[in-house]
Amino acid sequence: MTLARHIAIPFLLLATLPIAAAAVDPPSFAPRVDVVVAPHPSAIAVGDLDRNGRSDFVTVHPDSDAVWMVLGRPSGDFMVSGPLSAGTAPRDVQIADVNHDMRLDLIVANGISNSVSVLLGRGDGTFETARDVLVGHSPCSVAVADFDGNDRPDIAVANLFDDTVGILLGSGDGSFTSAAPVAVQGGPSALTAADVDGDGIADLVVAVSLDDDAIVVLKGQGNGSFAERDRIAVGPLPTRPVVGLFDADPIPDIAVAEENGDAVTVLIGHGDGTFAPMSAVASGAFPVGIAAADLNGDGALDLVTADSFADTLSVYAGTGNATFAARQPLGTLSMPRAVAAADVDRDRVTDLVVADWVAGDVSVFTNQLPSPAVCTGDCDGHGAVDINELVRAVGIALGIAPLDGCIDADADGDGAVEINELVAAVANALSGCPAKPGTH
C-alpha cells in the first residue's frame, strides 16, 4: 500500500463537472459563532449528552490523544468540557446509546493504539472510563448499527492498513466481542451504516482511498457478516460517504466528497445494493468532510462540504433530481476538517457545525429558515400523535427519557416537558394535529 497516495497534495480537476442549473432557493445562515476547544480537531459528532434539550458536540484530537466536548446550555451559549481519555491518536467519534440506558455514549476509533474505545455516558455530560477493544491496523472510522438482528448496537470499524472492516458485536451492556473481519481491498478509510437495498438489514458503505479510489458496498447478511455487493470507482481520495434520497425515487443514494478531486459525486441506487454515478459538482479545495440535510425547507436534500484548503463550507442546494446548484461558500476559520448537520438551537431547523483543524475550534452556522409549525407530541413528524409518542413524552417529563426521543413534546423549546405540553399532546392524539399552512 502506498502511504503517499493518502497524503497526496490536491490537484485541480482536469475535466469540467456538470452543475445543475435548476433554480433553487439557497439556505441562509446567521454570522458564524466560534468556540475555541483545543488544537487539531479531526472529527465531530453531535448529540444531547447531558439531556438538557440542547445539542452538544464531541471532537477528537489525534496529536494530543484527547476527546473534548462542547456542551450546549439552555441559555444558548456553549461550555467546553474535557479532555476525556480514549486511546492513542483518536481519529473518529460516533455518538450512540450502546447499552440501552437512554444515555448517549461515545465510540472512538484510535489510529495508533489499534483499538476502539467505548465511553459510557452518565447522562449529565460525564462519562465512565473508556473500555477498549483491540481491532485491526490503523482504525480510522467507526459506524454503529444492529448488524446481527438482536436489537443491540454493534460497531463497524475501517482498518486502513490491513484492508479490513472489523465488526464488534454488542452484548447490550456496553461490551463488545470481535466477529470475523470483512476483507475490503484498497485501504478502507471511512464508512457509513445504512440499509441501502431495502431488506431491513443494515449494510455498510465504505470509502477506500489508500491504493484504490472507490466506494464499496458491503451487503449485511443479518448475522454480523457481510459480502461485497458493489464497487464503484470515484475520484481521488473519497471521504466518508453519506446516504440519502437525492433523487425522486425512494431508493437510497450515496454522496461522497473527493479530497484530491475537489468535487462531490452522487451515486444513484438501483434498489439492490448496486449504484451508478449520476452527477458531480465542483467543490472548494480539498473537501475532507460532507453532510446531507434539507437546509432550505424545500423537501430536497442539500449537501455541504468542509473545504480544508479553502477555509470554507460549501453548500449545494439540491433540486430533488440528484443534481445541485453551484456551491454557496461560507467562510470558516483555518482548515475545516469535519462538518455535521444538526438542529443546534432546537428550532426544528437544521444548522451546520464545523471543526477547524488549525484554529482548534468548533464553529456554528445557525440556519435562518423559519421554524416549522409544531404539533406537540408528534415525535416523528408524521402528522399525528400515537400512544407510543405519548408514553415517550411522559417519560421525558418524568426525567427518565431523553428529550432527543421526542423534541416536539417540548413545544416551547425550553428543554423540558411540562404538564401543559402533555395536555396539548393528548389533545392532538384525540383530535389530530393542526393542519400545516398550505395543506388541506
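Before any of the text, the structure's been laid out above.
Residues numbered from 1 in each chain as written. Predicted model: local features only at pLDDT ≥ 70, side-chain atom pairs only at ≥ 80, totals over all residues. Heavy atoms only, no water.

Caption draft 1: Geometry of the sheet that holds strand β17 (residues 214–220). One open sheet holds the four strands; their spatial order is β15-β16-β17-β18, and the pairing between them is antiparallel. Both edges of this open sheet fall to β15 (188–194) and β18 (226–233), since each of them pairs with a single strand only. With direction set aside, neighbouring strand axes in the sheet form an average angle of 20°. When strand β16 (residues 203–208) meets β17, the two strands line up antiparallel, connected through five bridges. For Ala207, the partnering residue across the bridge sits in β17 and is Ile215. (Pairing = 2+ DSSP bridges. Helix = DSSP H or I, 4+ residues; strand = E, 2+ residues; numbered from the N terminus. Axes fitted to C-alpha atoms, helices over the stretch in contact; angles between N-to-C directions.)

Caption draft 2: Seen up close, a nonpolar patch on the surface. On the surface, Met102, Val394, Leu398 and Ile400 cluster together into a nonpolar patch covering about 380 Å² of accessible area. With respect to the element layout, Leu398 can be found in helix α2 (residues 387–398). Residue class for Leu398 comes out exposed when judged on its relative accessible area of 62%. (Patch = residues over 30% accessible without salt bridge, like charges linked within 9 Å, V, L, I, M, F, W, Y side chains within 5 Å. Areas by Shrake-Rupley, 256 points an atom, 1.4 Å probe, with all protein chains shown as cover. Salt bridge = Lys/Arg side-chain N within 4 Å of Asp/Glu carboxyl O. Buried < 20%, exposed > 50% of the residue type's maximum accessible area, 1.4 Å probe, protein only.)

Caption draft 3: Region of the structure containing helix α3 (residues 419–431). Its 13 residues place the ends of α3 18 Å apart at the C-alpha level, agreeing with the 18 Å of an ideal helix rising 1.5 Å per residue. Listed in full, the buried residues belonging to α3 are Glu421, Leu422, Ala425 and Asn428. Taken down its axis, α3 places every buried residue within 120° of arc, on the same side. Of the exposed residues in α3, the ones pointing more than 90 degrees away from its buried face are Ile419, Asn420, Val423, Leu430 and Ser431. Count one or two residues on from α3 and you reach Gly432, which has phi positive near 95°. (Expected span 1.5 Å × (residues − 1). Arc of directions from axis to C-beta.)

Caption draft 4: Geometry of the side chain of Asp213. Looking at the element boundaries, Asp213 is found in the loop between β16 and β17. The exposure class assigned to Asp213 is buried, which follows from its relative accessible area of 15%.

Caption draft 5: The state of the cysteines, seen in detail. Within the structure shown, the criterion is met by two disulfides. In this model Cys379 forms its disulfide with Cys406; the gap between the sulfur atoms is 2.1 Å. Taking the sign of the torsion about the S-S bond as the criterion, the disulfide between Cys379 and Cys406, at about -95°, is left-handed. Residue Cys379 is found in the loop between β29 (361–365) and α2, and its partner Cys406 is found in the loop between α2 and α3; the two are separated by 27 residues along the sequence. Taking only the cysteines that form disulfides and numbering them from first to last, the protein chain has the pattern 1-4, 2-3. (Disulfide = S-S within 2.5 Å.)

Caption draft 6: Spotlight on unusual backbone geometry. Following Gly82, the chain continues to Pro83 via a peptide bond in cis, the omega torsion being 5°. Tracing the chain through its elements places Pro83 in strand β5 (residues 78–85). Backbone geometry places Arg51, a non-glycine residue, at a positive phi of 55°. One can find Arg51 in the loop between β2 (43–47) and β3 (56–61). In this model, Arg348 sits at a positive phi of 65°, which is unusual for a non-glycine residue. Mapping Arg348 onto the fold places it in the loop between β27 (336–342) and β28 (351–356).

Caption draft 7: Seen up close, the pattern of salt bridges. Taken as a whole, this structure holds twelve salt bridges when the rule is applied. The partner of Arg240 in a salt bridge is Asp92, and the shortest N-O contact between them spans 2.4 Å. Residue Arg240 is located in the loop between β18 and β19 (242–244), and its partner Asp92 is located in strand β6 (residues 90–96); the two are separated by 148 residues in the primary sequence. A salt bridge links Lys219 to Asp199; the nearest nitrogen and oxygen atoms lie 2.8 Å apart. Within this pair, whereas Lys219 is found in strand β17, its partner Asp199 is found in the loop between β15 and β16, the two being separated by 20 residues in sequence. Through salt bridges that share partners, Asp197, Asp199 and Lys219 make up one connected network.

From the geometry alone we can't say anything about function, so treat these as descriptive.
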